[in-house]
Amino acid sequence: QVQLVESGGGLVRAGGSLRLSCVASGIIFGIELMAWYRQAPGKQRELVAALTSSGSTNYTDSVKGRFTISRDNAKNTGYLQMNSLKPEDTAVYYCNADLFPTAWGPTSNYWGHGTQVTVSS
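The following refers to the structure shown. Nothing here was measured: the structure is a model prediction, and the numbers come from that model. (Residues numbered from 1 in each chain as written. Predicted model: local features only at pLDDT ≥ 70, side-chain atom pairs only at ≥ 80, totals over all residues. Heavy atoms only, no water.)

### Details of the overall build of the protein
Within the protein, the regular secondary structure consists of zero helices and 11 strands. Along the protein, helices and strands appear, N-terminal first, in the series β-β-β-β-β-β-β-β-β-β-β. By the compact-globule yardstick of 14 Å for 121 residues, the protein fits well, its C-alpha radius of gyration being 14 Å. For the protein, the spread of C-alpha atoms along the three principal axes comes to 50 × 25 × 25 Å. Sorting the 121 residues of the protein into buried and exposed places 38% on the buried side. Restricting to contacts in the protein with at least 6 residues of sequence separation, those with at least 24 account for 56%. Accessible surface, the protein: about 6400 Å² in total, of which carbon and sulfur atoms supply 50%. Once the 10 positive and 8 negative side-chain charges of the protein are each reduced to a mean point, those two points are 6 Å apart. (Helix = DSSP H or I, 4+ residues; strand = E, 2+ residues; numbered from the N terminus. Rg over C-alpha atoms; globule rule 2.2 N^0.38 Å. Buried < 20%, exposed > 50% of the residue type's maximum accessible area, 1.4 Å probe, protein only. Contact = heavy atoms within 4.5 Å. Areas by Shrake-Rupley, 256 points an atom, 1.4 Å probe, with all protein chains shown as cover. Lys, Arg positive; Asp, Glu negative; His and termini not counted. Charge placed at Lys NZ, Arg CZ, Asp CG, Glu CD.)

### A short note on the state of the cysteines
The bond known as a disulfide is covalent and runs between the sulfur atoms of two cysteines. Applying the stated criterion across every chain yields a total of one disulfide. Between the sulfur atoms of Cys22 and its disulfide mate Cys95 the distance is 2.0 Å. Its S-S torsion of about -80° marks the bond between Cys22 and Cys95 as left-handed, since a negative value means left-handed. Here Cys22 is found in strand E3 (residues 18-25), whereas its partner Cys95 is found in strand E9 (residues 91-99), with 73 residues between them in sequence. (Disulfide = S-S within 2.5 Å.)

### Looking at the pattern of salt bridges
Enumeration over the complete set of coordinates arrives at four salt bridges. In this structure, the salt-bridge partner of Arg38 is Glu46, at a minimum N-O distance of 2.6 Å. Since its relative accessible area comes to 6%, Arg38 is described here as buried. What makes Glu46 partly exposed here is its relative accessible area of 31%. Note that Asp89 is salt-bridged to Arg66, the shortest N-O span being 2.8 Å. On the criterion of sequence distance, the pair formed by Asp89 in the loop between strand E8 (77-82) and E9 and Arg66 in the loop between strand E6 (57-59) and strand E7 (67-72) is long-range, its members being 23 residues apart. Accessibility expressed as a relative area gives 1% for Asp89, which makes it buried. Classification of Arg66 by relative accessible area gives buried; the value is 10%. (Salt bridge = Lys/Arg side-chain N within 4 Å of Asp/Glu carboxyl O.)

### Observations regarding the nonpolar core
Trp36, Val48, Phe67, Leu80, Met82, Tyr93 and Leu99 are the most contacted members of the largest nonpolar core, which totals 29 residues. Looking at this core, the elements that each hand over two or more residues are E3, strand E4 (31-39), strand E5 (46-52), E7, E8, E9 and strand E11 (115-120). Among the elements that take part in this core, E9 stands out by supplying five residues, more than any other. (Core = buried A, V, L, I, M, F, W, Y, C linked by side-chain atoms within 4.5 Å.)

### Section: the environment of Gly65
On the secondary structure map, Gly65 appears in the loop between E6 and E7. Sequence separation of Gly65 and Ser84 is 19 residues, and the distance between their C-alpha atoms is 9.3 Å.

Below, the structure written as C-alpha cells:
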C-alpha cells in the first residue's frame, strides 16, 4: 500500500529556514507529480508548490523566491526548502503526489498526513 510520510516541520523564528521531506513508500512505478499544500487555521488548503516529472515547477505567489521544491526520484522522496520564513507561513503542510501504483494503470493521487510548521515573530 502506498503511503506518503512528511517530516521536517517544527518551530522556527521569522527569517529562519526549514526543509520538509516527503517519502513515498510502497510499490511505486514512478511519480508523475509531487506537490506541497498547506492549511492554516480557519483557512482553506492551498497549493504551495508543485513539481512535475518533466521538471516544471509552480509556486504560489507568496512563496516565490523563498521556497524551492525538489525531488529525488531514486528515493521516491520530495522536498520543500523553505527560507526566509514568515509568521504567515504557519500552517500544516501536506505532501500530495500523483503516482503510478501499478506498471500498467493510470496514476493515483495520494496525501500525506501533514507536518506542522510554526513561524514565530
